[in-house]
Amino acid sequence: MKTVNVRLPGRGYPILIQAGSLDDAGRRVRRACAPDRLFIITDATVGSLYGDRLLDAFRRSGITASLHAVPAGENSKSWRILQDLYTRLIESGLTRDSCVAALGGGVVGDLAGFAAATYLRGIAWVQIPTTLLAQVDSSVGGKTGINHELGKNLIGSFHQPRLVLMDPSVLTTLEKREYWAGMSEVVKYGLIRSEPFFAWLESKWEGLGDPANAGLIEQMVTVCCRIKADVVRRDEKESGLRRILNFGHTLGHALESATEYGLFRHGEAVLHGMRFAAWLSMKREHLKPDAYQRIDDLLKRFPAPPVPNGLDGATLYEHMRTDKKRTGQGLRFILLKGIGKAFTEIPDHPARHLEEWLTNAR
Ligand SMILES: NC(=O)c1ccc[n+]([C@@H]2O[C@H](COP(=O)([O-])OP(=O)(O)OC[C@H]3O[C@@H](n4cnc5c(N)ncnc54)[C@H](O)[C@@H]3O)[C@@H](O)[C@H]2O)c1
Ligand SMILES: [Zn+2]
């Protein structure tokens, strides 16, 4: 069992990482929050794979548990689904001493976390993330929320869970494409914060492609959680340092919205975004060409749809600006001055560099 302690002012909670730990959830949750009853929120796919096992684990520990599955997919991060969830929580008699468990990917985590943050002005919750993206990214940091028809993640709050329980062996049932989408966030941590981790990823690359390699995956997930937890601890509400977690996301988000969220998984769009950010870092002479090459060599090994030929720099630039207007940030980029060394900059002529990258490097 590997443990990463997320330390925040006045409170903190553990992330426990171990293959097979799903069956131990009852004992762990009892220790973390001893709820009078527990309500599992999952999606239909994950629920049918792991719902009974988890219910069983809670029952064995004497915890009264029920389960509700929302449809799988991003559309469940909606007001309608959330309202329906509130109804179920009320009907199930959940009190301030109860606990919500989010079993699923980032969609379920964000939705269930927000329900827990707002029901009775906030009750305890635990996360049991089941996608690679959720294990290395969305379950660490306490951001919860839903989408609005005018934009993604516009409604939400910070609500830290009591416990995050990760069982990397559930990743074996994940679609390959989802797994690789999560891998791009994994590489991101090496790029922004740790050269040794990036070098480790390079050396273990073949093995890391197969989630059945439990030991390796456990190690990988642990380092990612450690890095994200450290960044979040230093900047819980995203005023400065936490922005480096958006490495690759400026162009990534633009690619997602320019293709109407239909072509790329989030991680695939971020993959292109990271390649461009590394290129921009080199063009602006922050990053040495050999480091750039090392980064691009690894990122090129990812399976992902290419940037469509019809998408030009001007269009993507417009999408980047609209996205930033919405989030209230300037068009700043996260760049690298070396592998593991991220910083933020508002570069001159980003659209021109983007056009050049699209022609030369994609
Ligand atoms: N809160 C945060 O800090 C944060 C950070 C990054 C992303 N997010 C959010 O996360 C969401 C994306 O999360 P995601 O990529 O995990 O998507 P997801 O939750 O939709 O999961 C992807 C798909 O995989 C299926 N699945 C999940 N676990 C499985 C398993 N073990 N075996 C088989 N199938 C499984 C799901 O049913 C779903 O169809 C977005 O809404 C994004 O906004 C939040
Ligand atoms: Zn991301």
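See the structure printed just above.
Residues numbered from 1 in each chain as written. Chains lettered and ligands numbered in written order. Predicted model: local features only at pLDDT ≥ 70, side-chain atom pairs only at ≥ 80, totals over all residues. Heavy atoms only, no water.

### Comments concerning the layout of surface pockets
At step 1: Size it by volume and the second largest pocket reaches roughly 310 Å³.
At step 2: Around the second largest pocket sit 16 residues that line it, and Asn-147, His-148, Glu-149, Gly-151 and Lys-152 are the ones nearest its centre.
At step 3: Among the secondary structure elements, those contributing two or more residues to the lining of the second largest pocket are strand 7 (143–148) and strand 8 (151–158).
At step 4: For the lining of the second largest pocket, the per-class residue count stands at 5 nonpolar, 6 polar and 5 charged. (1 Å grid on protein atoms, 1.4 Å probe; cavity = no way out; pocket = protein on both sides within 12 Å on 5 of 7 lines; lining within 4 Å. Points joined across faces, edges and corners; volume = space filled by probe spheres on them. Helix = DSSP H or I, 4+ residues; strand = E, 2+ residues; numbered from the N terminus. Nonpolar A, V, L, I, M, F, W, Y, C, P; charged D, E, K, R; others polar.)

### Overview of the packing of aromatic side chains
At step 1: In this structure the tally under the stated criterion is 8 aromatic pairs.
At step 2: With a centroid separation of 5.4 Å and 55° between ring planes, the pair formed by Trp-205 and Phe-302 is classed as tilted. Residue Trp-205 is located in helix 7 (residues 195–208), and its partner Phe-302 is located in the loop between helix 11 (289–299) and helix 12 (313–327); the two are separated by 97 residues in the primary sequence.
At step 3: The rings of Tyr-179, Trp-180, Trp-205 and Phe-302 are connected pair by pair, giving a single aromatic cluster.
At step 4: Just above the ring of Tyr-179 sits the side chain of Lys-176; from NZ or CZ to the centre is 5.8 Å.
At step 5: Note that Lys-337 overlies the ring of Phe-343, its terminal NZ or CZ placed 4.8 Å from the centroid. (Phe/Tyr/Trp six-rings, centres within 6.5 Å; stacked < 30°, edge-to-face > 60°. Lys NZ or Arg CZ within 6 Å of the ring centre and 35° of its normal.)

### What about the pairing of strand 5 (residues 99–104)?
At step 1: Burial analysis of strand 5 places 6 of its 6 residues in the buried class, which makes it a mostly covered element.
At step 2: Residues Cys-99, Ala-101 and Leu-103 of strand 5 are buried on one face, and the alternating residues Val-100, Ala-102 and Gly-104, pointing to the opposite face, are buried as well.
At step 3: The sheet contact formed by strand 3 (residues 38–43) and strand 5 spans 5 bridges and is parallel. When the bridges of strand 5 are listed, Phe-39 appears paired with Val-100.
At step 4: Alignment of strand 5 against strand 6 (residues 124–129), held across 6 bridges, turns out to be parallel. (Buried < 20%, exposed > 50% of the residue type's maximum accessible area, 1.4 Å probe, protein only. Pairing = 2+ DSSP bridges.)

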